[in-house]
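Survey of secondary and tertiary structure
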Amino acid sequence: MLGTAPKLPEFALRAIGLEKTYPAQKGLAPVKALNGVSLDIPRGSIFGLLGPNGAGKSTLINIFAGLVRKTGGTGEIWGVDIDANPRQARAAIGVVPQEINMDPFFTPIESLEYQAGFYGVPKSERRSMEILEAMGLADKAGAYVRALSGGMKRRLLIAKALVHSPPVLVLDEPTAGVDIELRRQLWDYVRDLHQRGATIILTTHYLEEAQELCDKIAIINHGEVVACEDKDTLLKRLDHKTLTIHPTEKLTKIPAKLRGLDASLDPAGVLTIRYRTREHGVASLIQLVQASGISISDLQTAEPDLEDVFLSLTSRQAS
Ligand code: ADP
Ligand code: MG
């Protein structure tokens, strides 16, 4: 066939200098939730938008979902400008909101059919039952939404976001308040959708979750993107751990043998060593500590948490 295939966009989603200031409320100052966010999310990725509560993740997502009106910048979904062609742009995206809000009087199947109607999906192309099955809700198709558990409601929200078969699926904190087993199930389903070609964008404040699922991660803090790179590159930059040693006898200074390390001593005599896992193994560090004459009463190791990640990224940017 000689026909030209429709050209697929390089980016599933683009934010170009997006800004959002929520107006002042009841004596409070206006809130600048997004301060010039630019992001290119490649088609075909599982992209993690990672940041603490209040970072601006939902604001960003909701601008693309058409739920929040931006105050500056531009956005594109599947190569289509969200201002110039909002309907066409939004046809390419399915958003699973962070907050569960559903009509309590619709059954899941009605809810999906209604959503399909809203998006203008012809009856012959609807797959409501198939989607419910995939989300493990087939036996609840006719139940009242108010009779569903929290986990089922969350799966129903995902099902609703899928009715118009969007190539881009955005999940805003999908596992908040979800138990471990359901979390696994959701992740498996997300991976499955991804394998079938969808671009997945996921917001989370769990480093671990972004780490497990995503191939690319952007970190957002105070409405600004502080990092955006391949997961592996990011994790290599963050590969430090800490080893905390409680000596049997109180230390007053760091032994000379340990001076080459990033070691610190607190007033209680507890020794903390920061190390890179690529450079040191914990066993050799412990040997070194013992060889320096310290006898160890107790020890712990710790991995960086999100707070450490921000500190390390922002201090790196400053230098
Ligand atoms: P995240 O999803 O990363 O937790 P949000 O986008 O929900 O962050 O919030 C970013 C900032 O905007 C926060 O300071 C939050 O309090 C504020 N904010 C969010 N929604 C509103 C709103 N509707 N009105 C006023 N301020 C808001
Ligand atoms: Mg949020």
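Residues numbered from 1 in each chain as written. Chains lettered and ligands numbered in written order. Predicted model: local features only at pLDDT ≥ 70, side-chain atom pairs only at ≥ 80, totals over all residues. Heavy atoms only, no water.

**Overview of the sheet that holds strand S2 (residues 31–42)**
Heads up, the condition is: Pairing between two strands is assigned when DSSP locates at least 2 bridges connecting them. Think of it this way: any DSSP run of H or I at least four residues long counts as a helix, any run of E at least two long counts as a strand, and we number them from the N terminus. We call two residues contacting when some pair of their heavy atoms lies within 4.5 Å. Axis definition: a line fit to C-alpha positions, over the contact stretch in the case of helices; interaxial angles, taken between N-to-C directions, run 0 to 180 degrees.
Pairing within the open sheet is antiparallel, and its four strands lie in the order S2-S1-S4-S5. The strands lining the two open edges of the sheet, one partner per strand, are S2 and strand S5 (80–81). Where helix H1 (residues 57–65) meets the sheet, it contacts strand S1 (11–22), S2 and strand S4 (72–77), and its direction lies at approximately 115 degrees from that of S1.

**Side note on the domain arrangement of the protein chain**
The extent of an interface is frequently quoted as the accessible surface area lost upon association of the parts. Applied cut-off: Note that the domain bounds reflect an automated or database-derived domain assignment.
The domain boundaries assigned to the protein chain delineate domain 1 (11–235) and domain 2 (241–303). Just the C-alpha atoms count here: the centres of domain 1 and domain 2 sit 44 Å apart.

**Quick look at the site of ligand 1**
What counts here: Here, proximity means that at least one heavy atom of the residue falls within 4 Å of the molecule or strand. Distance and chemistry together define a polar contact, namely a pair of N or O atoms within 3.5 Å, with one atom able to donate a hydrogen and the other to accept it when in protein, and with adjacent residues in sequence counting only for side-chain atoms on both sides. Every accessible area reported is derived by Shrake-Rupley at a probe size of 1.4 Å, with residue values counting cover from the shown protein chains alone. Polarity classes work like this: nonpolar for Ala, Val, Leu, Ile, Met, Phe, Trp, Tyr, Cys and Pro, charged for Asp, Glu, Lys and Arg, and polar for all others, with Gly in that last group.
Inspection of the region around ligand 1 gives Tyr 22, Val 31, Ala 33, Pro 52, Asn 53, Gly 54, Ala 55, Gly 56, Lys 57, Ser 58 and Thr 59 as its neighbouring residues. Between ligand 1 and the protein, one listed contact pairs a nitrogen atom with a side-chain N or O atom of Tyr 22 at 3.4 Å. Contact distances for ligand 1 include 2.8 Å between an oxygen atom and a side-chain N or O atom of Lys 57. Protein burial of ligand 1: of its 570 Å² of free accessible surface, 64% is covered by the chains. Element by element, the count of residues in the shell around ligand 1 is highest for H1, at three residues. The class makeup of the residues in the shell around ligand 1 is five nonpolar, five polar and one charged.

**Thoughts on the packing of aromatic side chains**
By convention here, two paired aromatic rings are described through the distance between centres and the angle between planes. Convention followed: Only the six-membered ring of Trp is used, alongside the rings of Phe and Tyr, when aromatic pairs are assigned; centres must lie within 6.5 Å, and planes under 30 degrees apart are stacked while those over 60 apart are edge-to-face, with the rest tilted. Residue exposure (1.4 Å probe, protein chains only): buried if accessible area is under 20% of the type maximum, exposed if over 50%, otherwise partly exposed. Each ring is checked for a lysine NZ or an arginine CZ that lies within 6 Å of its centre and within 35 degrees of its normal; such an atom marks a charge sitting over the ring.
Counted by the stated rule, this structure contains two aromatic pairs. Taking the centre distance of 5.4 Å and the plane angle of 90 degrees together, the rings of Phe 118 and Tyr 119 count as edge-to-face. Given a relative accessible area of 58%, Phe 118 falls into the exposed group. In this structure, Arg 146 packs its charged tip against the face of Tyr 144, placed 4.8 Å from the ring centre. Lying across the ring of Tyr 206, Arg 183 places its NZ or CZ 5.8 Å from the centre.

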